[in-house]
Amino acid sequence: MPDACVFLLRAALPVSGDQGHRGARATEPNRTGVARCSTHTPRSHPEPAETNMSNSGLNSQNRTAGSFHTNGPFQIPAAHHPPPQQGFPTMPQPKAPPLPGQDYYNSRPYQPAPPPVSQYHGPPGPSTPSRPPEGAALHNHSMPPPPHTPPLSNSYSQHLQPRPGPYTQPPNQLTPTPSPGLVQTSVAYSSAAMTPPFPKALQSSAPPPGPAANLAMPVGGSYPPQPGHAGTSYPSLPPGYQSMQAPPSTLPTPPLTQHYPPQPQQYHQPPAGPAQLSSALSALSLQSQTPEALLVLNLLQERNLLPAGPVPAPTPCLPQDLQKLNCSPEVFRSTLTSIPQTQSLLNKAKLPLGLLLHPFKDLSQLPVVTSSTIVRCRSCRTYINPFVSFLDQRRWKCNLCYRVNDVPEEFMYNPVSRSYGEPHKRPEVQNATIEFIAPSEYMLRPPQPAVYLFLLDVSHNAVETGYLDVVCQSLLENLNSLPGDTRTKIGLITFDSMIHFYNLQDGLSQPQMLIVSDLEDIFLPTPDSLLVNLSESKELVRDLLKSLPQMFTKTMETHSALGPALQAAFKLMSPTGGRVTVFQTQLPTLGVGALKSREDPNQRASAKDVQHLSPATDFYKKLALDCSGQQVAVDLFMLSAQYCDLATLGCISRYSAGSVYFYPSYHTEHNPAQTERFQKDLKRYLTRKIGFEAVMRIRCTKGLSIHTFHGNFFVRSTDLLSLPNVNPDAGFAVQMSIEENLVDMQVVSFQAALLYTSSKGERRIRVHTMCLPVVNSMSDIFAGADVQAITCLLASMAVDRSVTASLSDARDAVTNAAIDSLVSYRSSVLTIQQPGLLAPACLCLFPLYILALLKQRAFRTGTSTRLDDRVFAMYQLKYQPLSYLMLMIHPALYRLDDLTDEGALNINDRTIPQPLALQLSVEKLSRDGAFLMDTGSDLYLWVGKSCNPTFLNQVLGVQNYANVPLNQNQLPELDTAESARTRAFIGWIREQRPFYPVLHLIRDESPMKSSFMQNMIEDRTESALSYYEFLLHVQQQVSK
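Chemist: An account of the overall build of the protein chain is needed here, citing residue identities and associated values.
Modeler: Of regular secondary structure, the protein chain possesses 25 helices and 37 strands. Expressed as a percentage of its 1040 residues, the buried residues of the protein chain come to 63%.

Below you can see the structure in the form of structure tokens.
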């Protein structure tokens, strides 16, 4: 790079667009080859003009929280909206008694268990308790509940008035066909006794505890450890409980690879729809299809309920031809795969009704249709799908509003078979997931280009972490892989106590730095040259990235002006929209949005409610809503060793449909594991596919309504989400209710339509449609319960409750959710009341998942948890798709020292061992083994003291246990069969997810050992109940 040049900006620069230029003065040459100038003499200037892109289909322009929200570039015909969002009903009902409270533990002396007879040094055991058990943490009834507990609803949503749906034809009148239940006694349902649609714990805090004598668990006792095991056995187990085996048919192990529906040409199905379902469903019973779902299990006796592989999603009870066409559960999933006929029936079941979506997921097979005519219902605007009914070749009936529509002439021709007159064989009617390339009527302006702006913290603290080198190097390596086309634009801004812009205009010999020191009234010095065409200015961008890490190596500037930097980014990106990527390493201290530390480290392990889960200022939320209105999303990478108030800073991403990444204690040299994770995550982030200026609408059959959304977005109208950016790693959830009885329907359908601009500049519409049966018996409802989807939806609801009410209230809510559902099952489905904790096989893991949720970083108490770690865990619970979320809640444990090829997968000529999943208890650990724990974001490889020497030598490359390294994050590549199997299995795990799980090699002296042991969900700790104790508590409440 040539020597730094000194240049002058004239005091009166020409004005470009709506941005006013300001005077600047020449400064001394820069420390590197990037020329600098400082600006001064601030003056007022107009804001960028707002672009009105409303249209007849989306004609709402909402000013919310200081932002003007336009409708994006899509011209969408009028859509039917369900009623506005609503919170939980507040109708009173009996409360399920909570876990024993603090008063109980104060009145009854705590009896510790004897220390385990073992050489294994596990986590602090029950021998020296310093805090009350889990019950006291779950229910702190010494503190009165707040006078009003807000409903468990999404705080993102805005209450807007919907437009009435122009229904012109009554619903299809179908003869209801009740499905016979497994139980022999009939249950009468009363629609008059209306109760809230979700577990009562989600309505209000729990009542005072019951008598202490009802806790049947002798907390002072413990069975001796099993021979050869590394820790204590399951505490206080009945003798038969330890040896009981689960029936092999309780939870069948699913295929590890779920195949997406095949290509359109592979389908040759006859037309089917709701009108043809009556006779098919009459002969089909949920119980005859899935009898194992309602198998009655006593959870206090069935010890090994965890399946050997992934828990399968339940299959809806539909005719085979329809089920074959249904949407993949990896993309679209319901908490109940059998929808109750009435809201009163749903209330009685005490199970939440909601959907979990992964709408932009990377798919190996995705039919793409290019057509000048996209066939949609004239009334509700539903896209034609496999579950509509063809009355004849020229008419089809909508499966959401039941209006009869004409088949367009163009739709009569099938481009796949090149035949005419068979519209039911078109790809749109043979694929539940399909993508359309939108025609011109869906556009109001040319598709925006891919625009990427990077904001980098260059304060002294940031430079010390070494992250700047990693970011610049990663950008250099992946510059050609950024999604886009010849119109792609890029820009960089750095900031400390001032804002540094970089002129990268084509024709310059080197980049030019422009410094703005006025933080009170941010302006753009040269708006036309700060965002440049990547292909035209690629060499200048490369020069800047190569020199940037050295430019600030000697800086002593400790302040951070993040707020003004974000304001500058908003001004720069508003005309086009795009993605802003922020790298921040500390609390912002200067300008608007400056923050002060709110965390008290001494209160991290307190059993009281956690404070400061809500933002300290609304600046970042308001700015995010402004960004959303201009199709700008902000992604935040937080790399900090100190408290950085993620609860406040994360709002910039939550409300602009961005993502939050968090790397605590990041340092390039001192924390190589975090550095490796950051490098891998950043590469995935830069190269993954992206959609711009997107909106997503979720429609459902008449009678159902959506009332709460969960995820990162802005709710533009009742059922429309604004997504300035959409990425393939984002998940969403919605809560639903039944507004009208579904007695005339055999099935209901749900459709999610995602409209976006691809990085190549194409308007695209991705549509997912799911069909589910309607049932009228409690046994059918329970048989179709999806325990993992229910757990994930409850987790999102509990995050909202933690912020709007309190953490203890959220913990009570999820605990009582399990209690209420089992009470309902016992009273409404079981015909013979037996002792024990009885549950259907489909919900046998529900109490375990609830306990795991209570011990998850977001909700745990009694354990030292940094506030930022807790908030980030809550962000992940709201944002991650189900498959990744379940590993965060309930990790997977495998034994690795005895891997074999038996039952292995063969993928691309590779053999992938498939070890059995183990229960999360130290009794499953053995001192002579090696065990891998998969928590989703981390992999922990625990090596026992007496581990097999063959494993040590052939896999770890060491001669004995003493030589196992303490801080190793990679397995050596050894030319042995054992090494190949182990590395193949770990590599296969990493391939299953978009983010990079770091491997931590752990022995007893390792600092990461506590993190490994905290994930032993089924064991008791100082402040948390064991799984068996939790089951005893649930049984106590269910039996009342």
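Chemist: Lay out helix H21 (residues 882-889) with the relevant residues and their values.
Modeler: In terms of residue burial, H21 counts as a mostly covered element, since seven of its eight residues are buried. When H21 is considered as a whole, its buried residues turn out to be Leu882, Tyr884, Leu885, Met886, Leu887, Met888 and Ile889.

Chemist: Tell me about the packing of aromatic side chains, residues and numbers included.
Modeler: Here a ring pair, both rings aromatic, is described through the centre-centre distance and the interplanar angle of the planes. On inspection of all chains with the given rule, the structure shows 24 aromatic pairs. Residues phenylalanine 637 and tyrosine 685 carry aromatic rings whose centres are separated by 5.0 Å and whose planes lie at 80 degrees to one another, so their mutual orientation is edge-to-face. Placement of the pair is phenylalanine 637 in strand S22 (residues 632-640) and tyrosine 685 in helix H15 (residues 672-687), with a sequence separation of 48 residues. We classify phenylalanine 637 as buried; its relative accessible area is 0%. The class of tyrosine 685 is buried, set by a relative accessible area of 0%. Ring centres of tryptophan 942 and phenylalanine 1012 lie 6.4 Å apart, and the angle between their planes is 0 degrees; this geometry places the pair in the stacked category. Taken together, the positions of tryptophan 942 in strand S36 (residues 938-943) and phenylalanine 1012 in helix H24 (residues 1009-1014) put the pair 70 residues apart, joining distant regions of the chain. Site record: aromatic cluster; members linked through ring pairs are Tyr467, Phe583, Phe637, Tyr661, Tyr663, Tyr666, Phe678 and Tyr685.

Chemist: Quick one: what's the story with unusual backbone geometry, residue by residue and with numbers?
Modeler: Positive phi values are uncommon outside glycine, yet aspartate 645 reaches one of about 55 degrees. As for its position among the elements, aspartate 645 is in the loop between S22 and helix H13 (646-649). With a relative accessible area of 0%, aspartate 645 lands in the buried category. Located in the positive-phi region is serine 665, a residue other than glycine, with phi close to 55 degrees. Inspection of the secondary structure assignment puts serine 665 in the loop between strand S23 (660-664) and H15. Judged by its relative accessible area of 38%, serine 665 falls in the partly exposed class.

Chemist: Could you give me a rundown of the sheet that holds strand S10 (residues 389-392), with the residues and numbers involved?
Modeler: If you trace the three strands from one edge of the open sheet to the other, you get S10-S11-S12, paired in antiparallel fashion. Across the chains shown, the open sheet's two edge strands, defined by having one partner strand only, are S10 and strand S12 (404-406). Geometrically, the sheet is characterised by an average inter-axis angle of 35 degrees between neighbouring strands, direction not taken into account. Judged from the three bridges that link them, S10 and strand S11 (residues 395-397) form a sheet pairing that is antiparallel. Its bridge partner lying in S11, aspartate 392 is registered against arginine 395.

Chemist: Outline the packing of helix H17 (residues 787-804) against H21, listing residues and values.
Modeler: Axis separation between H17 and H21 bottoms out at 10 Å; the angle between their running directions is 75 degrees. Taken together, the axes of H17 and H21 are roughly perpendicular relative to one another. Listed contacts from H21 to Gln788, Ala789, Thr791 and Cys792 of H17 are Leu882, Leu885, Met886 and Ile889. Class assignment of the residues belonging to the contact of H17 with H21 gives a composition of six nonpolar, two polar and no charged.

Chemist: Describe the pairing of S36, with residues and values.
Modeler: Among the six residues in S36, six count as buried, and that is most of the element. Neither face of S36 is left uncovered, since the one carrying Asp938, Tyr940 and Trp942 and the one carrying Leu939, Leu941 and Val943 both have all their residues buried. Both strand S35 (residues 930-934) and S36 contribute to a ladder of five bridges, which runs antiparallel. In the sheet register, leucine 932 faces S36, and the bridge partner there is leucine 941. Remark: three residues form the turn of the hairpin made by S35 and S36, two consecutive strands paired antiparallel; glycine 936 in that turn has positive phi of roughly 95 degrees. Note that S36 and strand S37 (residues 998-1002) share five bridges and pair parallel. Its bridge partner being in S37, leucine 939 is matched across the sheet by leucine 999.

Chemist: Break down the environment of leucine 899 for me, citing the residues and quoting the values.
Modeler: As for its placement among the helices and strands, leucine 899 is situated in the loop between strand S32 (892-895) and strand S33 (905-907). The class of leucine 899 is buried, set by a relative accessible area of 11%. Between the alpha carbons of leucine 899 and proline 913 there is a distance of 6.6 Å; along the sequence they are 14 residues apart.

Chemist: Which residues make up the pattern of salt bridges, and what are the values?
Modeler: Applying the stated criterion across every chain, the model contains 32 salt bridges. A salt bridge links aspartate 897 to arginine 895; the shortest N-O distance between them is 2.7 Å. Owing to a relative accessible area of 15%, aspartate 897 belongs among the buried residues under this scheme. A residue is classified by how much of its surface remains accessible, and arginine 895, at 23% relative accessible area, is partly exposed. We note a salt bridge from glutamate 1005 to arginine 1003, for which the minimum N-O separation is 2.9 Å. Residue classification places glutamate 1005 among the partly exposed residues on the basis of a relative accessible area of 45%. By relative accessible area, which is 11% here, arginine 1003 ends up buried. Salt bridges sharing common partners tie together Asp362, Arg684, Arg688, Lys689 and Asp729.

Chemist: Tell me what's going on with the state of the cysteines, and back it up with residues and numbers.
Modeler: What makes a disulfide is a covalent bond joining the sulfur atoms belonging to two cysteines. Counting across every chain of the model gives zero disulfides. Cysteine cysteine 401 shares no disulfide, and the gap to the nearest cysteine sulfur, in cysteine 377, comes to 3.5 Å.

Chemist: Report on the side chain of threonine 648, specifying residues and quantitative values.
Modeler: Along the chain, threonine 648 turns up in helix H13. Only 3.5 Å separates the side chain of threonine 648 from the side chain of arginine 598, close enough to count as a polar contact. The contacts of threonine 648, once residues within four sequence positions are left out, are Leu595, Arg598, Pro615, Ala616, Thr617 and Tyr620.

Thresholds applied
Residues numbered from 1 in each chain as written. Predicted model: local features only at pLDDT ≥ 70, side-chain atom pairs only at ≥ 80, totals over all residues. Heavy atoms only, no water. Helix = DSSP H or I, 4+ residues; strand = E, 2+ residues; numbered from the N terminus. Buried < 20%, exposed > 50% of the residue type's maximum accessible area, 1.4 Å probe, protein only. Phe/Tyr/Trp six-rings, centres within 6.5 Å; stacked < 30°, edge-to-face > 60°. Pairing = 2+ DSSP bridges. Axes fitted to C-alpha atoms, helices over the stretch in contact; angles between N-to-C directions. Parallel < 35°, antiparallel > 145°, perpendicular 65-115°, else oblique. Contact = heavy atoms within 4.5 Å. Nonpolar A, V, L, I, M, F, W, Y, C, P; charged D, E, K, R; others polar. Salt bridge = Lys/Arg side-chain N within 4 Å of Asp/Glu carboxyl O. Disulfide = S-S within 2.5 Å. Polar contact = N/O pair within 3.5 Å; in protein donor to acceptor, adjacent residues only side chain to side chain.

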